[in-house]
Amino acid sequence: MKRIVQQEIKKALLSMGELSLPASLTIQVDYAREKSHGDFSSNIALVLAKKLQISPMELAERIKSNIDCSPDNFKLEKIEIAKPGFINFFFKKSFWYPVIEEILNQTNQFGISNLGNNESVLVEFVSANPTGPLHVGHGRGAAYGDSMVRLLRAVGYQVCAEYYINDAGRQMDILATSVWLRYLEICGEKFTFPSNAYRGNYVHKIAEKIFTQYGKDFFKTAELVYKDIPIDEPQGGNKEQHIDGLITNAKFLLGDVDYEKVFEVGLNSILSDIKEDLSAFRVNFDEWFSEKSLFKTNFVDKTIKRLTANGKTYEANGALWFKSTDFGDDKDRVLLRENGQPTYFAADAAYRLCLLEQRKFKKIINILGSDHHGYVPRIRAVIQALGFSPDSLKALLVQFAILYRGDKKIQMSTRSGEFITLRELREEVGTDATRFFYVLRRVDQHMDFDLELAKEQSNANPVYYVQYAYARICSVMRQLKSKKWVWDKSLGLTSIKELKEVQEQDLLVLLNRYPEIIESAATSYEPHIIAHYLRDLAQNFHVYYNSFFFLIEGKKLRNARLNLIAATAQVIKNGLSLLGVETLEVM
């Protein structure tokens, strides 16, 4: 709808040939905030007035006079000018009617477009280290990322949803060592368990699984495990050095083969739990990409050689560095440590080269926790150093979700095991409410998750409010059958002009906006726009429902109203589907 107004304004400006317009002219059109201001409003006269050396009010009047508002124009009823130079557009009632037929014919395809022109896009999200179950913090990124995948597909992008498995590196070694230490406790050994190991109950369960499968095959005495390491963790000392010493001893005592067995049981147990948890959350990935595969296929070596050949590395203090500051980063980054081992950053760089060169994605969308904000410039820098446009990366930062139970804030720590899992949240609140609440706010804003409100079955709960609108429409259709009446869709379409009430017009206007809402949410990466739209649509429907009877004797008006509410139900269903939320016929 906005495009129609933009086109009318552009035609009017072009017809005013004596004006010298900017080469790249953006015509801003907004939905009017008040009904008295019409349906749409534009500030174009205010934007151009100074450049054209004419008053905004005079320019607005000249634009108005060059737009056809005759009775023959099926779109516009009138145009009004408001100080200091806004142009307000009023559309004819008849303009909004055809949307009902479009929705009823297209059903779940209504709102779908080819804006993305089948461009290949990778959306990588969640990607939590497989060192423990997903918690409520991961849930927000999961709901947001999956909603973005659905939205981008809806507007015509070819999207691959990917989970990057961090199955290499120190955190995984801490997990494997934590599991092995719990295994040794099961075998009867006594020692103080490290405070900075992974301490959750899930570690006990993995250790029990290993003991059941392998017995005492991996048993070593605590004396050997703690050789050259204080058996009691240093107070005020270097706890990270303490756990690193335990990792080194674990690898030495178990040997490569047995250490890998412990490592794999831990990884696969947690990864299997993550996959099951996300599937139940209606989040499904096309690819689960292993970080280890970058080393097995020598992609890390290839990336380092490419950067060196491009003159973007140097050696200092025995390490190999990437010249990240050449591309605006605050400092250079290590690629190879003094011992010759690649850093996390080297693997991250290799992953982007793999995506852009080997897998040929046009755009990479990384959805990251807000604590990774410093990570973005270095990745953008290395993409550019490898010969690709830095714009091929879009990094979206997800702020923390803080869970409250009553007035009490829930503290979370993955290593200590003190956290509320995503599974626990789903089971208590439900997947629908959890997903809707997660996307109800802009992703770059902090979020307080009100647990009690999410469970509440009242109009104060936004997801309940939207789902209840759909259920009410289903109830009307059931009542229709109980009266032994038939919904005559064709009669309803030919009688569409019977819909004259203000509440009916409000619904029609909102239904017409839906395709633009979808495109706006997708291109701005803001699924909360859909959630807010659905809440507005539900509110307008509830007002309509409380104001009029639908199942009346007059067939024409009855079927016109049934068409309108059926179209409303379809749009609610389509919109909720984009957010991974289901519709309920009975509530």
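Note: the structure precedes this text.
All figures in this text were calculated on a predicted structure; none of them were measured in a lab.

*Asks:* Outline the overall build of the chain, supporting the account with residue identities and numerical values.
*Replies:* Counting its secondary structure elements, the chain contains 22 helices and 15 strands. Along the first, second and third principal axes, the C-alpha atoms of the chain reach 95 × 65 × 40 Å. With 587 residues in all, the chain has 52% of them scored as buried. Taking all contacts inside the chain whose residues are at least 6 apart in sequence as the whole, residues at least 24 apart take part in 73%. Surface accessibility of the chain: about 27,300 Å² in total, with carbon and sulfur atoms responsible for 48%. The chain carries 75 positive and 73 negative side-chain charges, and their two centres are separated by 4 Å.

*Asks:* Help me get a handle on unusual backbone geometry, residues and values and all.
*Replies:* In this structure, the amide linkage connecting Lys83 to the following residue, Pro84, adopts the cis form with an omega of 0°. Position of Pro84 among the secondary structure elements: in the loop between strand E3 (76-82) and strand E4 (86-91). A positive phi angle, near 65°, is found at Asp228, a position not held by glycine. By relative accessible area, Asp228 is classed as exposed at 76%. Despite not being glycine, Asn298 shows a phi value in the positive range, around 60°. Along the polypeptide, Asn298 turns up in the loop between helix H11 (291-296) and helix H12 (299-309). For Asn298, a relative accessible area of 46% puts it in the partly exposed group.

*Asks:* Tell me about the side chain of Arg426, and name the residues and values.
*Replies:* Residue position: Arg426 is located in helix H15 (residues 422-429). Assessed through its relative accessible area of 12%, Arg426 is described here as buried. A polar atom in the side chain of Arg426 sits 2.6 Å from the side chain of Asp277. Not counting the four nearest positions on each side in its chain, Arg426 is found in contact with Asp277, Ala280, Phe281, Thr431 and Thr434.

*Asks:* Provide a residue-level description of the sheet that holds strand E2 (residues 40-42), including the pertinent values.
*Replies:* The strand order across the open sheet formed by four strands is E1-E2-E4-E3, and the pairing between neighbours is antiparallel. The two strands at the open ends of the sheet, each matched to only one other strand, are strand E1 (29-31) and E3. If you compare each strand with its neighbour and ignore which way they point, the axes differ by 25° on average. Pairing between E3 and E4: six bridges, direction antiparallel. If you follow Glu80 over to E4, its bridge partner there is Asn88. Here helix H3 (residues 56-65) sits on the sheet in contact with E3 and E4, set at roughly 170° to E3.

Cut-offs used in this document
- Residues numbered from 1 in each chain as written.
- Predicted model: local features only at pLDDT ≥ 70, side-chain atom pairs only at ≥ 80, totals over all residues.
- Heavy atoms only, no water.
- Helix = DSSP H or I, 4+ residues; strand = E, 2+ residues; numbered from the N terminus.
- Buried < 20%, exposed > 50% of the residue type's maximum accessible area, 1.4 Å probe, protein only.
- Contact = heavy atoms within 4.5 Å.
- Areas by Shrake-Rupley, 256 points an atom, 1.4 Å probe, with all protein chains shown as cover.
- Lys, Arg positive; Asp, Glu negative; His and termini not counted.
- Charge placed at Lys NZ, Arg CZ, Asp CG, Glu CD.
- Polar contact = N/O pair within 3.5 Å; in protein donor to acceptor, adjacent residues only side chain to side chain.
- Pairing = 2+ DSSP bridges.
- Axes fitted to C-alpha atoms, helices over the stretch in contact; angles between N-to-C directions.

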